Amino acid sequence: MNLDNIFNAFEDNAPLQEKAALIMLQETQAFKLGMFKKIIWNQKNMEDKFNALKKHMPELAEFMAIDSDEVGELVTYTRAWVHIKDFDPTSEHGIDASRIFSDEYTVVACDLAINFWEEREEYEKCAHIKKVKDLLKKNLPS
C-alpha cells in the first residue's frame, strides 16, 4: 500500500485496491487503539479552543443555550468507544499495538473514558477500557 496515496481511498472513484487496503487498515488492533487515543485527545484540544473562544466572545457563550461541552463529550466518547470496543487486549496484535501506544497520553485517554462511562453507569465499557489501560501500563517504558 502506498501511504502517500492513502487519502485517495476516501474518494468515490478511488481504485478498489486502495479502498480495500484502507478497510484492512481500519480492522487492525493498532488502528483501533490509535483512533481511540486520537479522538479523545482531539476533543480535549477542541474543547480548550472553544472555551477560549467563548471567553473572548461572551455573546457566543450567551448564544450557546445548550451545554456544548456535554454534547461534545457524548459524541467524543461514543466515537472513541466504537473503536476501542473491538480492541482485543489478549490477542498478539493487541499486545503489539499496546507496545506502540503505551504512553501517558493513552493511559490518560483511558482514564477519561472510564470516568465518562462510569458517570453514565456503563460499567461493561469501563471494564473493557480498564483491561486496555492495564495492558498499556504494563508496557509503559520505564
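In what follows, the structure referred to is the one given above.
Residues numbered from 1 in each chain as written. Predicted model: local features only at pLDDT ≥ 70, side-chain atom pairs only at ≥ 80, totals over all residues. Heavy atoms only, no water.

A. How the structure looks around the nonpolar core. If you look at the biggest cluster of nonpolar residues, it comprises 22 residues, and the most contacted ones within it are Leu33, Phe36, Ile84, Trp117 and Ile129. If you list the elements that add at least two residues to this core, you get α2 (29-56), α4 (68-84), α5 (92-101), α6 (104-119) and α7 (123-138). Examining the composition of this core, we find that seven residues originate from one element, α6, more than from any other. Setting aside residues no more than four positions away along its own chain, Ile84 makes contact with Leu33, Phe36, His128, Ile129 and Val132. (Core = buried A, V, L, I, M, F, W, Y, C linked by side-chain atoms within 4.5 Å. Buried < 20%, exposed > 50% of the residue type's maximum accessible area, 1.4 Å probe, protein only. Helix = DSSP H or I, 4+ residues; strand = E, 2+ residues; numbered from the N terminus. Contact = heavy atoms within 4.5 Å.)

B. View of the pattern of salt bridges. Evaluation of the coordinates by the stated rule reveals seven salt bridges. With a closest N to O distance of 2.8 Å, Arg99 and Asp96 form a salt bridge. Pair noted here: Arg99 and Asp96 are both in helix α5, with a separation of three residues, about one helical turn. The exposure class assigned to Arg99 is exposed, which follows from its relative accessible area of 51%. (Salt bridge = Lys/Arg side-chain N within 4 Å of Asp/Glu carboxyl O.)

C. Focus on the packing of α2 against α6. The interhelical angle for the contact between α2 and α6, taken along N-to-C directions, is 70°, at an axis separation of 9 Å. Comparing their axes, α6 and α2 come out roughly perpendicular. Counted together, Leu33, Phe36, Lys37, Ile40 and Trp41 of α2 and Tyr105, Thr106, Val108, Ala109, Cys110, Leu112 and Ala113 of α6 form the full contact between these two elements. Class assignment for the residues of the contact of α2 with α6 results in 10 nonpolar, one polar and one charged. (Axes fitted to C-alpha atoms, helices over the stretch in contact; angles between N-to-C directions. Parallel < 35°, antiparallel > 145°, perpendicular 65-115°, else oblique. Nonpolar A, V, L, I, M, F, W, Y, C, P; charged D, E, K, R; others polar.)

Purely geometric numbers; function is a separate question.
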